[in-house]
Amino acid sequence: MRLNILVVDAGRYGFVKLQYYRPPQGFEDAITFTDSRSMFENLWEEWFDTQLFLLAKGTPMAEMGYSEIFECLPKEKQKELIDKKAEFVRVAGIE
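Scoring rules and cut-offs
Residues numbered from 1 in each chain as written. Predicted model: local features only at pLDDT ≥ 70, side-chain atom pairs only at ≥ 80, totals over all residues. Heavy atoms only, no water. Core = buried A, V, L, I, M, F, W, Y, C linked by side-chain atoms within 4.5 Å. Buried < 20%, exposed > 50% of the residue type's maximum accessible area, 1.4 Å probe, protein only. Helix = DSSP H or I, 4+ residues; strand = E, 2+ residues; numbered from the N terminus. Contact = heavy atoms within 4.5 Å. Pairing = 2+ DSSP bridges. Axes fitted to C-alpha atoms, helices over the stretch in contact; angles between N-to-C directions.

Participant: Sorry, what's going on with the nonpolar core here?
Facilitator: For soluble globular proteins, the rule of thumb is that nonpolar side chains tend to be buried together. Counting residues in hydrophobic clusters, the biggest one holds 12 residues: Phe40, Trp44, Phe48, Leu52, Ala56, Met61, Ile69, Phe70, Leu73, Leu81, Val89 and Ile94. Among the elements that make up this core, the one with the highest residue count is helix H1 (residues 36-56) (five residues). Once residues within four sequence positions are removed from consideration, Trp44 is found in contact with Leu81, Lys84, Lys85 and Phe88.

The following block contains the structure:
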């Protein structure tokens, strides 16, 4: 699985998340964020879902939804994934 995501600072207009790059057309999707918190939450969900996908890949869990995959994980792994959000919040400087 390869994700092509680029976040661009659009100055006073906020941030633009470009994703799914396909040459020669360019990016298939563009999402504009006017505040950094909503952008962070969107990027967090993207990261979290990707982690769940990678953990399920090649297993019977691959047919499940993300919430079902999460529930099938050991409690330690669930905690590890959830704790990553706090780490990302700290590194990003979000209050």
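Participant: Explanation requested: the sheet that holds strand S3 (residues 26-33) in the structure shown.
Facilitator: Within a beta sheet, neighbouring strands are joined by backbone hydrogen bonds and run either parallel or antiparallel to one another. The strand order across the open sheet formed by three strands is S1-S2-S3, and the pairing between neighbours is antiparallel. Each having just a single partner strand, strand S1 (5-9) and S3 make up the two edges of the open sheet. The sheet shows a mean angle of 25° between the axes of neighbouring strands, taken without regard to direction. Across seven bridges, strand S2 (residues 15-22) lies against S3 in antiparallel orientation. Bridge pairing links Arg22 to Gly26 in S3. Contacts between H1 and the sheet are confined to S1, S2 and S3, with S2 contributing the most and set at about 30° to the helix.

Shape is all these values report; function is a separate question.
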